Amino acid sequence: MTSGDSGGVSAVVIAGATRKLEKHNASHPRCCVASAAASGATAEAAGPKLVSPGVHGVHITSAMDGGNIEVLGCPAGGGAAGAPLTVDLAIRPDPFCATDGRAHYQWFNFRVVGAAGRPLRLRLTNAGGASYGSAWEGYRAVASYDLQDWFRVPSTSYDASVGTLVIDHVPEQDVVQYAYWAPYSLDRHAAMLAGLQARSRGGQGSEACAPVRLRVLGQTREGRPLDLVQVGPCTPASAAGVAAAANGAAAANGAGNGSGAAAPARPLRLWLTARQHPGETMAEWAAEGLLERLTDPHDGVARKLLEKASFHVIPNMCPDGSAHGHLRTNAAGFNLNRGWAAPSAELCPEVLHALAEMDSTGVDLFLDLHGDEELPHVFAAGLDGIPRWGPRLEGLQDSFSAALMRHAPEFQTAHGYPPSAPGRANLTVASKQIGQRFDCLSLTIEMPFKDSAELPDPRVGWSPGRAKRFGAALVGAIADIAHMLR
């Protein structure tokens, strides 16, 4: 529930019958129950106007972890005999984001109950004003009956003339959930942490994996924990490592010539963050896949890598935004990936906590996992444009990209973002700041909300399973180039 929501219930009268509209505040209804009434009748009470969909009640709600939809109502004739049950919906925006100059929205996630066998036409009426309006072209919504198997709805369409995304679907079961992409709930996050802890201890005949340490780096604006998973050697940072971190911090906003640093006498510090933008849930699915591989005692590649490296993984950088169903911002309406040059305890405590830990440990490799709404590709945004950019970092970046293409055939380098001009990189972005700060390989890894054009899967598109396997593939690519990092 969003901070300040009342959680109250108000009555909506449809053709003389009392209907309940569960809502979280008067202007942002998130839950609607539409039941039997005379066809063509309209709501007479305050709130969204509804027309009866027919003789069987249908319940639509986003009152859940990561939920986002507003139920506007059913247009007249939308439930007539032989016609689909048409429901008008709207995506609830994030709080206004000052750094981006807008209130972002694109993420939706809601449940429909009671529509088995009934044709539905779900119209997201404000899609045209979304943060990435062009991303709706070629997009297909995802749906699931069991929250495990997420499939694409083939008859998703976008009418650019009116800015409406239409999801036409006939559910096969009573309960179906629709979303912009497969959600990754806070409950699943907690279960993942518990599972990693159990695997590190062994038990029930299983072998113990590499050491796993779970820590809380600090609290979010709303008091949720910012979890860190450390896998591998737990030795403290050496004096050389701390000195390198301090030197990097001093140079973070401009110094350095890309000449490289002396090899530290400590395990490599490999950092990975996911879900700075909470609606990019594929990032946490990929982090889960990476962590599962790292903690598999039978994976020889992971075991050899962990002999010389420790992984520091923040699977969810934005727990508040994740809970509220935001696309790009935390509870304060702040885009975390624009706060790394000078993080604020008030606006982005998540970044402040993460960067403080990085300064403490040092960083030899940093990967920041994201999702891209528009491009149907898996790709990396590199370090070009930072003051330290030079032959060493360029060589590392090229070597890692080549290794990742060997391990993950969806990854490619032909399509992506345009490079930054020399000296013009945005150092408020995590990967640019960390690369400059620590003179290390530091990349933003992007995965698609749509599908991988290089290896398409029409049924599921880019999916949780594929994201997890991609996360696991990162381990192999890192192992291939680990000897080059310092």
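The numbers attached to residues start from 1 for each chain and follow its sequence in the written order. The predicted origin of the model limits local features to residues at a pLDDT of at least 70 and limits the giving and counting of side-chain atom pairs to 80 or more, whereas totals for whole chains, interfaces and linings rest on all residues. Think of the side-chain values as coming from all heavy atoms in the structure, minus any hydrogens and water.

- As annotated in an unreviewed UniProt entry, the protein carries the name Peptidase M14 domain-containing protein and is attributed to Edaphochlamys debaryana.

Things to note about the overall build of the protein
- Along the backbone of the protein there are nine helices and 22 strands.
- Burial analysis of the protein (486 residues in total) assigns 56% to the buried set.
- Residue contacts are counted whenever heavy atoms from the two residues lie within 4.5 Å of one another. The long-range share in the protein, meaning contacts at least 24 apart out of those at least 6 apart in sequence, stands at 73%.
- Surface summary for the protein: the accessible area is close to 18,000 Å², and the carbon and sulfur share equals 54%. Secondary structure elements are taken from DSSP: a helix is a run of H or I of four residues or more, a strand is a run of E of two residues or more, and numbering for both begins at the N terminus. Exposure classes here rest on a 1.4 Å probe applied to the protein chains alone. A residue is buried below 20% of its type maximum, exposed above 50%, and partly exposed in between. Each accessible area is a Shrake-Rupley result for a 1.4 Å probe, and residues are judged covered by the shown protein chains and nothing else.

Focus on helix α9 (residues 464-481)
- For α9, built from 18 residues, the straight-helix expectation of 26 Å at 1.5 Å per residue is met to within 8% by its first-to-last C-alpha distance of 26 Å.
- The element α9 is largely enclosed, with a buried count of 14 among its 18 residues. For a helix, the expected span equals 1.5 Å multiplied by the number of residues minus one.

Things to note about the side chain of Ser401
- As for its position among the elements, Ser401 is in helix α7 (residues 391-407).
- Not counting chain neighbours up to four residues away, the residues in contact with Ser401 comprise Phe411 and Thr413.

Section: the confidence of the model for the protein
- When the pLDDT values of the protein are averaged, the result is 86; 80% of them are 70 or greater.
- Here residues 1-29 is modelled with pLDDT under 50, and outside its nearest four sequence neighbours on either side it reaches 77 contacts, counting other chains as well.
- Note: pLDDT gives the predictor's confidence per residue, expressed from 0 to 100. In this model residues 34-56 is a low-confidence stretch, pLDDT under 50, and it forms 66 contacts with partners more than four residues away in sequence or in other chains.

Details of the pattern of salt bridges
- In what follows, salt bridge is the name for a side-chain nitrogen of Lys or Arg lying within 4 Å of a carboxyl oxygen of Asp or Glu. Under the definition given, this model contains 24 salt bridges.
- The salt bridge involving Asp88 is made with Arg123; its shortest N-O contact spans 2.7 Å. Pair noted here: Asp88 is in strand β6 (residues 85-90) and Arg123 is in strand β10 (residues 120-124), with a separation of 35 residues, a long-range link.
- Arg123 sits in the partly exposed class, given a relative accessible area of 27%.
- If you follow the salt bridges from partner to partner, you end up with Arg188, Glu288, Glu292 and Lys468 in one network.

Let's talk about the packing of aromatic side chains
- Ring pairs are drawn from Phe, Tyr and Trp, using the six-membered ring of Trp, whenever the two centres fall within 6.5 Å, and their geometry is named by plane angle: stacked under 30 degrees, edge-to-face over 60, tilted for the rest. For the structure shown, the criterion picks out twelve aromatic pairs.
- Arranged with centres 6.3 Å apart and planes meeting at 45 degrees, the rings of Trp340 and Phe366 form a pair that is tilted. Placement of the pair is Trp340 in the loop between α5 (319-324) and α6 (349-361) and Phe366 in strand β20 (residues 365-372), with a sequence separation of 26 residues. Like Phe366, Trp340 is buried.
- Among the aromatic residues, those joined into a ring-pair cluster are Phe108, Phe110, Trp136, Tyr139, Tyr178, Tyr180 and Phe449.

What to know about the sheet that holds strand β5 (residues 70-73)
- Pairing between strands is defined by DSSP: at least two bridges between the two strands are required. Spatially, the five strands line up as an open sheet ordered β5-β6-β10-β14-β13, and their pairing is mixed. The strands lining the two open edges of the sheet, one partner per strand, are β5 and β13 (156-159). Across the sheet, the mean angle separating the axes of adjacent strands is 30 degrees when strand polarity is ignored.
- Sheet topology note: the β5/β6 ladder contains three bridges and is antiparallel. What sits directly across from Val71, in β6, is Leu89. Structural elements are reduced to axes, namely lines fitted to C-alpha atoms, with helices fitted over the stretch in contact, and the angle between N-to-C directions of any two is expressed from 0 to 180 degrees.

Some points on the side chain of Thr444
- Residue placement: Thr444 occurs in strand β22 (residues 441-448).
- N or O atoms closer than or at 3.5 Å make up a polar contact, with two conditions inside protein: a donor-capable atom paired with an acceptor-capable one, and, for residues adjacent in sequence, both atoms drawn from side chains. In this structure the side chain of Thr444 is engaged in a polar contact, spanning 2.8 Å, whose partner is the side chain of Ser431.

Some thoughts on the pairing of β22
- Counting buried positions along β22 yields eight of eight residues, so the element is predominantly enclosed.
- Residues Leu441, Leu443, Ile445 and Met447 of β22 are buried on one face, and the alternating residues Ser442, Thr444, Glu446 and Pro448, pointing to the opposite face, are buried as well.
- When β20 meets β22, the two strands line up parallel, connected through eight bridges. Within the sheet, the bridge partner assigned to Leu369 lies in β22 and is Ile445.
- Judged from the three bridges that link them, strand β21 (residues 379-381) and β22 form a sheet pairing that is antiparallel.

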